[in-house]
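# Residue-level structure breakdown
The residues making up each chain are set out below.
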Amino acid sequence: MALGSTLRRGRAFTAGMDLYLRKVRHPQAPNNYRVLVKFDGEELEVGSIGLQNFTSDDTAWTWGIDTVIPLRAFETQGRGADRRDCMAKFRTAWEKLSADSGLLAEFMVAKRRARRR
């Protein structure tokens, strides 16, 4: 399985956890990506980055962490200038979320549960 551009720089994430982009294969979403985390040998989708059309005059690159649990204390979505800017903003938000080990554990349990359905 080919993985795209890495979102990881240095050792900023929790030990053993890497973020990657996987291109969405859909004719109506040519510039969309799912953000994957590799943790303890497991791969989970945790968010998205892509070009979104809001109106005919408003198209923007956006990013978002999947909201499988309440994350009110964190910025979990936004806009960026381009894909690279969205990658940086996603990375910053993910670092904040993953710094809270209890919240990260709850998030990962919810993602695993959602994947089994």
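This text goes with the structure placed above it.
What comes next concerns the included structure.

### Description of the pattern of salt bridges
Scanning all chains against the criterion turns up seven salt bridges. Note that Glu45 is salt-bridged to Arg34, the shortest N-O span being 2.9 Å. Here Glu45 is found in strand β3 (residues 42-55), whereas its partner Arg34 is found in strand β2 (residues 32-39), with eleven residues between them in sequence. Notably, a salt bridge pairs Lys111 with Asp66, separated by 2.7 Å at the nearest N-O pair. Of this pair, Lys111 sits in helix α2 (residues 101-116) while Asp66 sits in the loop between β4 (58-65) and β5 (77-80), and the two are 45 residues apart along the sequence. Asp66 shares its class with Lys111; the two are buried.

### Description of the pairing of β4
Extensive coverage of β4 is indicated by the burial of six of its eight residues. Strand direction decides the pairing type here: β3 and β4, joined by eight bridges, are antiparallel. Bridged to Gly47 within β4 is Ile65. What sits between the antiparallel neighbours β3 and β4 is a turn of two residues.

About the criteria used
- Residues numbered from 1 in each chain as written.
- Predicted model: local features only at pLDDT ≥ 70, side-chain atom pairs only at ≥ 80, totals over all residues.
- Heavy atoms only, no water.
- Salt bridge = Lys/Arg side-chain N within 4 Å of Asp/Glu carboxyl O.
- Helix = DSSP H or I, 4+ residues; strand = E, 2+ residues; numbered from the N terminus.
- Buried < 20%, exposed > 50% of the residue type's maximum accessible area, 1.4 Å probe, protein only.
- Pairing = 2+ DSSP bridges.

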